Amino acid sequence: MRKRNTAILVDTGCDVPQSFIQKYNIKVLRLRLSYGDEHYLDSVELASEVYRRFPGEIPHTSTPTMQDYYDMIEEIKAEGYENVIGVFISSKLSSTCHTAQMVFREHPELNSFILDSKNISIGAGLLAMWAAVQIDKKVPYEEVCKGLEHKVADSKVFFYMDTLEYLRKGGRIGGVTAVAGSLLKIKPIISCDKEGVYYTVAKIRGAKAGIEKIVSLVEEKAGGKPAWLALMNGAAADTAAQVRPLLKKRIKKGSIVADSQIAATLAVNTGPGLLGIGVLENP
């Protein structure tokens with residue numbers, strides 16, 4: 001029997017692990033992918049197909065349809081929820097957040113709080129996971145909403161990839177950065193700034209230096225405090241396996257709460273060989 005009266009809603013760009021979704025009955029709006037006349041709903045499982053068809057075929061990605069939003073609202077109401085907390089990837093990178101805000105305003109029968117996470121992937125997902133745990137602990141809806149606004153600054157994801165070509169093709173970064181990185185074999189470690197826009201945190205040369213730097217950045221963000229950690233990869237499970245023990249060793253008060261391949265729509269924009277680490281301070 002459901003004991004919660006607040007539903008947690010995310011889009012697939014948040015990369016919340018399926019096990020967590022099932023445990024807390026998190027609602028998911030799925031982004032979409034298309035190869036010509038072939039249409040798919042976003043998932044982690046679909047990512048393997050995306051990588052298989054690279055580099056010759058790059059699918060088009062799109063946000064959920066308006067009907068997807070309306071169907072989700074009906075599902076939430078049918079299950080008897082009174083409140084909704086939606087956590088979405090940065091409004092600077094996707095329109096899902098703004099659309100959700102608009103659609104839920106049309107349904108005042110539900111109390112709704114739609115958060116622009118100012119983040120991408122598990123950087124947004126960790127906020128949704130935090131909210132789900134708070135609701136499960138029976139923290140009042142209003143308190144969780146207020147808490148989320150403050151937690152946005154506590155969540156961060158750092159990532160780097162083998163090639164910047166897919167970010168460039170998707171219009172996510174400037175072409176100059178992509179070309180320079182290709183010519184000099186220098187790859188940036190990327191995150192989202194306070195406005196939710198991609199920026200370069202550091203530049204590294206080589207995978208070994210990249211692993212060391214990204215772990216150091218996460219360690220600095222955690223600051224010796226309790227932290228949730230998330231280890232994400234894009235067709236780079238071997239690299240993630242190298243990083244896992246480092247995280248456990250270097251971040252003493254950290255707890256790995258997610259360890260997964262990224263969803264297909266994110267794979268489209270980042271290509272194979274991605275390593276990402278999310279961190280949420282004081283969960």
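Provided above is the structure to which this section pertains.
Residues numbered from 1 in each chain as written. Predicted model: local features only at pLDDT ≥ 70, side-chain atom pairs only at ≥ 80, totals over all residues. Heavy atoms only, no water.

Topic: the packing of aromatic side chains
Any aromatic ring pair is given by two values, namely how distant the centres are and how the planes are angled relative to each other. Across all of its chains, the model carries four aromatic pairs by this definition. Directly above the aromatic system of Tyr35 lies the positively charged group of Arg53, at a separation of 3.6 Å from the ring centroid. (Phe/Tyr/Trp six-rings, centres within 6.5 Å; stacked < 30°, edge-to-face > 60°. Lys NZ or Arg CZ within 6 Å of the ring centre and 35° of its normal.)

Brief notes about the pattern of salt bridges
Going through the model one piece at a time under the given rule, you end up with 15 salt bridges. A salt bridge links Glu49 to Arg53; its shortest N-O distance comes to 3.3 Å. Taken together, the residues span about one helical turn, with Glu49 and Arg53 both in helix α2 (residues 44-53) at a distance of four residues. Residue Arg53 is classed as buried on the basis of its relative accessible area of 10%. Taking the shortest distance from any N to any O, the salt bridge between Glu281 and Lys225 comes out at 2.7 Å. (Salt bridge = Lys/Arg side-chain N within 4 Å of Asp/Glu carboxyl O. Helix = DSSP H or I, 4+ residues; strand = E, 2+ residues; numbered from the N terminus. Buried < 20%, exposed > 50% of the residue type's maximum accessible area, 1.4 Å probe, protein only.)

Details of the nonpolar core
Counting 59 residues, the largest nonpolar core has Val16, Ile26, Ile85, Ile120 and Leu148 as the members making the most contacts within it. Counting residues per element, this core draws most heavily on helix α5 (residues 122-136), which supplies eleven residues. Setting aside chain neighbours within four positions, we find Val16 in contact with Val10, Ile21, Ile26, Gly125, Ala128 and Met129. In this structure, Tyr160, Ala222, Leu231 and Leu275 belong to the second largest nonpolar core, which totals 20 residues. (Core = buried A, V, L, I, M, F, W, Y, C linked by side-chain atoms within 4.5 Å. Contact = heavy atoms within 4.5 Å.)

Considerations on the environment of Leu229
Note that Leu229 resides in strand β11 (residues 227-234). A C-alpha to C-alpha distance of 13 Å links Leu229 and Ser216, two positions 13 residues apart in sequence. Beyond its immediate sequence surroundings of up to four residues, Leu229 is in contact with Val218, Leu247, Ile251, Gly254, Ser255, Ile256, Val257, Ala258, Gly278 and Val279.

A look at the environment of Phe159
Relative to the helices and strands, Phe159 resides in strand β8 (residues 155-160). On the basis of relative accessible area, Phe159 is assigned to the buried category, the value being 6%. Excluding residues within four positions of it along the chain, Phe159 makes contact with Ile120, Pro188, Ile189, Ile190, Tyr198, Ile214, Leu274, Leu275 and Gly276.

Regarding unusual backbone geometry
Residue Pro55 is reached from Phe54 by a cis peptide bond, and omega for that bond is -10°. Inspection of the secondary structure puts Pro55 in the loop between α2 and β5 (60-62). Even without being a glycine, Ala235 presents a positive backbone phi close to 55°. Mapped onto the elements, Ala235 comes out in the loop between β11 and α10 (237-250). Accessibility expressed as a relative area gives 43% for Ala235, which makes it partly exposed. If you check the backbone angles, Asn282 has positive phi at about 45° while not being a glycine. Positionally, Asn282 belongs in the segment after β13 (274-281).

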